[in-house]
Amino acid sequence: KNLISNAEPLWMKAALSSNDQQVEQLLENIRDDLNKRQKKLKPRRSENEQTRQRKKLRRWFKNWLGPLTDQQLSQIHQLADNLQTSSEQWLNYRFRWLAELESVLRAGSADPLYEFRLKQLVLEPQTLRDASLKDSLRADKQRWSTALPTIINSLSKSQRGHLLRKLDDLIGDLKQLTASA
């Protein structure tokens, strides 16, 4: 969020100077991305959601920690089993966000609230989340905050080294991004 906030002068300047064709292209690209996500979601509904979530989390943790122990796999599976599925809610929220963005961009700088509304959409998109999605995300955040310390406390020396290297790489990437912004 800080990166987006710090880059505000750049994206606001781009928004203010964009023409109708550029606005259309941006909206089309976002719409295409959301439609692709929606198409991916449909087959998942028929698939065993619990199995998919377990695989996804297992891959994510393995990427960050390296090979996992049986105890860690059990903790990861338990986390996956307890997370709420909010993919459809999330997608609905993103489509609402896109509709708002489209409204703001089409009104353009002729709207006296243009900059305010655009800043709110970019910097505070969560204001468009409905209560159900907020509740799901809050509950999942609590589950993560309970499970993550347990998993981190079970790391081997090798896993800690792997995690630190991954974090160093991420910090380097973020420094590079902020230096170029």
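These lines cover the structure that appears in this document, whether it is placed above or below. (Residues numbered from 1 in each chain as written. Predicted model: local features only at pLDDT ≥ 70, side-chain atom pairs only at ≥ 80, totals over all residues. Heavy atoms only, no water.)

Side note on the overall build of the protein
- Tallying secondary structure elements over the protein gives nine helices and zero strands in all.
- Element order for the protein, N to C, with α for helix and β for strand: α-α-α-α-α-α-α-α-α.
- For the protein, whose C-alpha radius of gyration is 20 Å, the value lies well above the compact-globule estimate of 16 Å for 181 residues.
- Along the first, second and third principal axes, the C-alpha set of the protein runs to 60 × 40 × 25 Å.
- Here the protein holds 181 residues, and the buried ones make up 27% of them.
- Long-range contacts, defined here as pairs at least 24 residues apart, represent 77% of the contacts in the protein between residues at least 6 apart.
- Distance between charge centroids for the protein: 7 Å, based on 32 positive and 22 negative side chains. (Helix = DSSP H or I, 4+ residues; strand = E, 2+ residues; numbered from the N terminus. Rg over C-alpha atoms; globule rule 2.2 N^0.38 Å. Buried < 20%, exposed > 50% of the residue type's maximum accessible area, 1.4 Å probe, protein only. Contact = heavy atoms within 4.5 Å. Lys, Arg positive; Asp, Glu negative; His and termini not counted. Charge placed at Lys NZ, Arg CZ, Asp CG, Glu CD.)

Remarks on the nonpolar core
- The biggest cluster of nonpolar side chains holds 17 residues, and the ones touching the most others in it are Leu101, Leu105 and Leu118.
- For this core, the secondary structure elements donating two or more residues are helix H2 (8-17), helix H3 (20-46), helix H6 (87-107) and helix H7 (114-123).
- In terms of residue count, the dominant contributor to this core is H6 (five residues). (Core = buried A, V, L, I, M, F, W, Y, C linked by side-chain atoms within 4.5 Å.)

Some thoughts on the environment of Leu164
- Note on placement: Leu164 falls in helix H9 (residues 157-180).
- In the structure, Leu164 is positioned 99 residues away from Leu65 in sequence and 9.0 Å away in space, judged by C-alpha atoms.

Details of the side chain of Gln159
- Among the secondary structure elements, Gln159 is positioned in helix H9.
- Using a relative accessible area of 3% as the deciding quantity, one classes Gln159 as buried.
- In this structure, Gln159 is in contact with Leu65, Pro67, Leu68, Thr69, Gln72 and Ser154, ignoring residues within four places of it in sequence.

A short note on the side chain of Gln75
- Examined against the element boundaries, Gln75 turns out to sit in helix H5 (residues 70-82).
- Taking relative accessible area as the criterion, Gln75 reaches 15% and is therefore assigned buried.
- With residues up to four places along the chain from it excluded, the contact list for Gln75 reads Thr150, Ile151 and Ser154.

A word on the packing of H2 against H7
- The contact between H2 and H7 brings their axes to 11 Å, and the two run at 125°. Looking at the two axes, H2 sits oblique to H7. Remark: the crossing between H2 and H7 carries right-handed chirality. For the pair H2 and H7, the contacting residues are Glu8, Trp11, Met12, Ala15 and Leu16 in the first and Tyr114, Glu115, Leu118, Lys119, Val122 and Leu123 in the second.
- Its residues assigned to classes, the contact of H2 with H7 shows eight nonpolar, no polar and three charged. (Axes fitted to C-alpha atoms, helices over the stretch in contact; angles between N-to-C directions. Parallel < 35°, antiparallel > 145°, perpendicular 65-115°, else oblique. Left-handed = near helix turned anticlockwise from the far one by under 90°. Nonpolar A, V, L, I, M, F, W, Y, C, P; charged D, E, K, R; others polar.)

Points about helix H4 (residues 49-65)
- With 17 residues, H4 extends 24 Å from end C-alpha to end C-alpha; this agrees with the ideal 24 Å at 1.5 Å per step.
- Looking at H4, one finds that the buried residues are Arg52, Gln53, Leu57, Phe61, Trp64 and Leu65. (Expected span 1.5 Å × (residues − 1).)

Considering the packing of aromatic side chains
- Applying the stated criterion across every chain, the model contains five aromatic pairs.
- Ring geometry for Trp60 against Trp144: centres 5.8 Å apart, planes inclined by 80°, an arrangement best described as edge-to-face. Of the two residues, Trp60 sits in helix H4 while Trp144 sits in helix H8 (residues 131-153), which places them 84 residues apart along the sequence.
- Judged by relative accessible area, Trp60 falls into the partly exposed class, the value being 40%.
- Between Trp90 and Tyr93, the ring centres sit 5.0 Å apart and the planes meet at 65°, which makes this aromatic pair edge-to-face. Here Trp90 and its partner Tyr93 are both found in helix H6, three residues apart, which amounts to about one turn of the helix.
- Taking relative accessible area as the criterion, Trp90 reaches 32% and is therefore assigned partly exposed. (Phe/Tyr/Trp six-rings, centres within 6.5 Å; stacked < 30°, edge-to-face > 60°.)

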